[in-house]
Amino acid sequence: MHIKQMSNKNVNEIFKCLINTIESLSYNNLSDDGIDDVLEELEGDYYTFMHIDNLKILEHNGCITIDNTVLILDLREKIQALPPNLWNNYDFKNSIKWHYIRNDAVKILKEIIR
């Protein structure tokens, strides 16, 4: 796989967006409106910023490790596997699947932000 050369500014922007996406998954005490906002943003952001192409760019530039990439791709797959009926306020707060996703997000953030 050829890694596209990017400016530090672009790499930093991708990294910031990745962190923001993962952080949004770790929110536990949001209002229903806050959850609506998170779910709306998350639908596109997880797909884009947790994509292998962006992760490889971050890896290549030393922002994340190979192990981080594996964990993030696993998290992305779990989000992608969620059925549409779980993308709502109630289930975001109460579903065991979302609970596991939030726990994984917290662990990944601790690994990335040291």
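Right, let's walk through the structure included here.

Cut-offs used in this document
- Residues numbered from 1 in each chain as written.
- Predicted model: local features only at pLDDT ≥ 70, side-chain atom pairs only at ≥ 80, totals over all residues.
- Heavy atoms only, no water.
- Patch = residues over 30% accessible without salt bridge, like charges linked within 9 Å, V, L, I, M, F, W, Y side chains within 5 Å.
- Areas by Shrake-Rupley, 256 points an atom, 1.4 Å probe, with all protein chains shown as cover.
- Salt bridge = Lys/Arg side-chain N within 4 Å of Asp/Glu carboxyl O.
- Lys, Arg positive; Asp, Glu negative; His and termini not counted.
- Charge placed at Lys NZ, Arg CZ, Asp CG, Glu CD.
- Helix = DSSP H or I, 4+ residues; strand = E, 2+ residues; numbered from the N terminus.
- Buried < 20%, exposed > 50% of the residue type's maximum accessible area, 1.4 Å probe, protein only.
- Contact = heavy atoms within 4.5 Å.
- Expected span 1.5 Å × (residues − 1).

## Observations concerning a negative patch on the surface
- Together, Asp 33, Asp 36, Asp 37, Glu 40, Glu 41 and Glu 43 make up a negatively charged patch on the protein surface.
- Relative to the helices and strands, Asp 37 resides in helix α2 (residues 32-49).

## Details of the side chain of Asn 54
- With respect to the helices, strands and loops of the structure, Asn 54 is situated in helix α3 (residues 52-60).
- Judged by relative accessible area, which is 15%, Asn 54 ranks as buried.
- Residues within four places of Asn 54 in sequence aside, it is in contact with Ile 14, Thr 48 and Phe 49.

## Here's the deal with helix α1 (residues 8-25)
- The first and last C-alpha atoms of α1 sit 26 Å apart over 18 residues, in line with the 26 Å expected at 1.5 Å per residue.
- When α1 is considered as a whole, its buried residues turn out to be Val 11, Ile 14, Cys 17, Leu 18, Ile 19, Thr 21, Ile 22, Ser 24 and Leu 25.
- Looking at the buried residues of α1, the elements they touch are α2, α3, α4 (66-81), α5 (89-94) and α6 (96-112).

## Some points on the environment of Tyr 90
- Mapped onto the elements, Tyr 90 comes out in helix α5.
- Exposure remark for Tyr 90: the relative accessible area of 57% places this residue in the exposed category.
- On a C-alpha basis, the gap between Tyr 90 and Asp 37 in space is 14 Å, while along the polypeptide they are 53 residues apart.

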